[in-house]
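Chains, contacts and geometry: an overview
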Amino acid sequence: MNSEKTTIGLKAAILSLSLLTIMAAAAVSPALAKIAQAFPDVSRTIIKLTLTLPALLIIPFSLLSGWLSSRWTPRKVLLTGLVIFCIGGIGGGLAMSMTQLLVFRAVLGIGVGLIMPLSTSLIADFFDGEARTKMMGLSGSVSHLGGVLFLVVSGWLACMSWRHAFAVYSLAIVSLVLVLTCLPEWERKKAQGREAFKIPGGVWICSLL
């Protein structure tokens, strides 16, 4: 019975992370017009950075996440990413200037970048065989559900105030609690029986573009 409860808690923690990562940066897009009204002297291009800046920070910090997890414990990296996610996400609604808002959005991107690689590798690390396949399917479904949920709730909150729209990121607090209480410390699984190979230069060019 305890083992069953542990498994349910573990699945809930992993799926909550899947819910957060996809569409996290674009979740407040329904509030973009009201943000522009709140900062009338700021150009439209800068306003749109509210959505695009997090994605720019996700890229390098996704790479850094793997490097950090080899030096810290993966759970510590994940918890750090969730705390940063909460600060950057919820903090956007407290910004008093466009500069402050963009700083919080950049912080959000850092948090997502740290979480995203670990949220996908958790399934491979904790599940095998058919259970892994089912969790991969659930994770994909929950990710898309998160995209819909974030946008709908954010749009509803934005009708009251653009600041309220950032409250959708408070969902990360639930994930933080689940990870703290239900996710044990673990070691990343290493691939077996694979030879090292060099990535072709063309792949690096396409990735950079």
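Residues numbered from 1 in each chain as written. Predicted model: local features only at pLDDT ≥ 70, side-chain atom pairs only at ≥ 80, totals over all residues. Heavy atoms only, no water.

**Brief notes about helix α6 (residues 129-158)**
With 30 residues, α6 should reach 44 Å at 1.5 Å per residue; the first-to-last C-alpha distance of 43 Å fits that figure. Burial in α6 covers these residues: Met135, Ser139, Val142, Ser143, Gly146, Gly147, Phe150, Ser154, Gly155, Leu157 and Ala158. (Helix = DSSP H or I, 4+ residues; strand = E, 2+ residues; numbered from the N terminus. Expected span 1.5 Å × (residues − 1). Buried < 20%, exposed > 50% of the residue type's maximum accessible area, 1.4 Å probe, protein only.)

**Looking at the packing of helix α4 (residues 74-91) against helix α8 (residues 171-182)**
Running from N to C, α4 and α8 point in directions that differ by 165 degrees, and their axes come no closer than 9 Å. Considering their axes alone, α4 and α8 lie roughly antiparallel with respect to each other. The way α4 lies across α8 gives a crossing that is left-handed. Contacts from Arg75, Leu78, Leu79, Leu82, Val83, Phe85, Cys86 and Ile90 in α4 reach Ala172, Ile173, Ser175, Leu176, Val179 and Leu180 in α8. (Axes fitted to C-alpha atoms, helices over the stretch in contact; angles between N-to-C directions. Parallel < 35°, antiparallel > 145°, perpendicular 65-115°, else oblique. Left-handed = near helix turned anticlockwise from the far one by under 90°. Contact = heavy atoms within 4.5 Å.)

**Description of the environment of Pro74**
Examined against the element boundaries, Pro74 turns out to sit in helix α4. Accessibility expressed as a relative area gives 6% for Pro74, which makes it buried. Separated by 19 residues in sequence, Pro74 and Ala55 place their C-alpha atoms 22 Å apart.

**A few points about the packing of aromatic side chains**
Across all of its chains, the model carries 5 aromatic pairs by this definition. Site record: aromatic cluster; members linked through ring pairs are Phe39, Phe85, Phe150, Trp162, Phe166 and Tyr169. A cation over an aromatic ring shows up here: Lys76 above the ring of Trp72, its NZ or CZ 5.0 Å from the ring centre. (Phe/Tyr/Trp six-rings, centres within 6.5 Å; stacked < 30°, edge-to-face > 60°. Lys NZ or Arg CZ within 6 Å of the ring centre and 35° of its normal.)

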